[in-house]
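# Topology and contacts: notes
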Amino acid sequence: MVTQYRTVDEFLAAQPDERRDLVEALRALVREANPAAQEHIKWNSPSYVLDGVDQATISAQGRQGVRLVLHRGATAPENTDAASAFTADPHGLLTWHSDIRASLLVTDAAQLAAMRDAALGVVRAWLAPAGSRCAAPGPAGSR
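Structural notes, computed from the coordinates. (Residues numbered from 1 in each chain as written. Predicted model: local features only at pLDDT ≥ 70, side-chain atom pairs only at ≥ 80, totals over all residues. Heavy atoms only, no water.)

### Regarding the overall build of the chain
Under the convention used in this document: Per the convention used, a helix needs a DSSP run of H or I reaching at least four residues, while a strand needs a run of E reaching at least two, with both numbered from the N terminus. Residues count as neighbours in contact if any of their non-hydrogen atoms are within 4.5 Å of one another.
Tallying secondary structure elements over the chain gives 3 helices and 6 strands in all. Partitioning the intrachain contacts of the chain with sequence separation of at least 6 by distance along the chain shows that 54% fall at a separation of at least 24.

### Topic: the packing of helix α2 (residues 17–33) against helix α3 (residues 109–126)
How we decide: For helices, the fitted line uses only the C-alpha atoms of the stretch in contact; every axis is such a line through C-alpha atoms, and the angle between N-to-C directions lies from 0 to 180 degrees. Oblique is the label for every angle not falling under 35 degrees (roughly parallel), over 145 degrees (roughly antiparallel), or within 65 to 115 degrees (roughly perpendicular). In this scheme the handedness of a crossing depends on how the near helix is turned from the far one: anticlockwise by less than a right angle means left-handed, clockwise means right-handed. Residue polarity follows a fixed list, in which Ala, Val, Leu, Ile, Met, Phe, Trp, Tyr, Cys and Pro are nonpolar, Asp, Glu, Lys and Arg are charged, and the others, Gly among them, are polar.
Contact pair α2 / α3: the axes reach a minimum separation of 9 Å and the direction vectors enclose 25°. It follows from the interaxial angle that α2 and α3 lie roughly parallel. Both α2 and α3 take part in a crossing whose hand is right-handed. The segment α2 lies against α3, with Leu22, Ala25, Leu26, Leu29, Val30, Glu32 and Ala33 engaging Ala109, Leu112, Arg116, Ala119, Leu120, Val123 and Arg124. Within the contact of α2 with α3, the residues separate by chemical class into 11 nonpolar, no polar and 3 charged.

### Here's the deal with the sheet that holds strand β4 (residues 66–70)
This is how the line gets drawn: In this analysis, strands are considered paired if DSSP registers two or more bridges between them.
Ordered by their spatial adjacency, 6 strands build an open sheet running β1-β2-β3-β4-β6-β5, and the pairing between neighbours is antiparallel. Of all the strands in the sheet, the pair left with one neighbour each is β1 (38–42) and β5 (95–96). Across 4 bridges, strand β2 (residues 45–50) lies against strand β3 (residues 53–59) in antiparallel orientation. Directly across from Tyr48, in β3, lies its bridge partner Ala56. Each of β1, β2, β3, β4 and β6 (102–106) touches α2; the most contacted strand, β4, lies at about 30° to it. Contacts between α3 and the sheet are confined to β3, β4, β5 and β6, with β6 contributing the most and set at about 160° to the helix.

### Overview of the pattern of salt bridges
Inclusion rule: Think of a salt bridge as a Lys or Arg side-chain nitrogen and an Asp or Glu carboxyl oxygen that are within 4 Å of each other. Buried residues are those whose accessible area, probed at 1.4 Å on protein chains only, stays under 20% of the maximum for their type, while exposed residues exceed 50% and partly exposed ones sit between those limits.
Here the structure, examined in full by the defined rule, presents 7 salt bridges. The shortest N-O distance in the salt bridge between Asp17 and Arg20 comes to 2.3 Å. Separated by 3 residues within a single helix, Asp17 and Arg20 lie in helix α2, roughly one turn from each other. For Asp17, a relative accessible area of 55% corresponds to the exposed category. Residue classification places Arg20 among the partly exposed residues on the basis of a relative accessible area of 22%. A salt bridge links Arg116 to Glu32, with the shortest nitrogen-to-oxygen separation between them at 2.4 Å. Within this pair, whereas Arg116 is found in helix α3, its partner Glu32 is found in helix α2, the two being separated by 84 residues in sequence. On the basis of relative accessibility, which here comes to 29%, the residue Arg116 falls in the partly exposed class. Linked by salt bridges that have partners in common, Glu24, Arg27 and Glu39 make up one network.

### Quick notes on unusual backbone geometry
Excluding glycine, residues mostly carry a negative phi; peptide bonds, for their part, are mostly trans. Residues other than glycine seldom take positive phi values, yet Trp43 does so here, at roughly 55°. As for its placement among the helices and strands, Trp43 is situated in the loop between β1 and β2. Positive phi values are uncommon outside glycine, yet Asn44 reaches one of about 60°.

### As for α3
Defined as follows: The span you would expect from a helix comes to 1.5 Å times its residue count less one. The seven residues ending at a residue and the seven starting there each receive a fitted axis; the angle between those axes is the bend at that residue.
A rise of 1.5 Å per residue sets the reference length of α3, with its 18 residues, at 26 Å; its end C-alpha atoms lie only 22 Å apart and thus fall more than 12% short of the reference. The sharpest bend along α3 comes to roughly 65°, located at Arg116. Residues of α3 that are buried include every one of Leu112, Met115, Ala119, Leu120, Val122, Val123, Ala125 and Trp126, and no others. Each element contacted by the buried residues of α3 is listed here: α2, β3, β4, β5 and β6.

Distances and angles like these do not, on their own, reveal function.
See below:
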């Protein structure tokens, strides 16, 4: 039976130490990228809302590490066959799952430390106000 978390604190308490450390590091990254993002539990994970739309979720469910999933909420139309218009990932950190959903996989603290500045730039651009987001087609092979 899957535990349903009511708060971020409950979610964190259920994580093994190493995974909790990665989640905390990603939480800090999101807060730094956009302090206005409001944290809550959605999809049984810490999620971040801006302007009433969930735009980032931390997924600690995989075996490979912890993912920061960048998305445009549950109601935006999503095309899994289309490329994203997001261009603020010059280092190719994101794995694209659709035109409006990508993830940043973090396997350990050293990896996150090595890519922190680039990851902060990507998350900051993703969480920027809608009018200031990148809109040109993404680089080839970014999916």
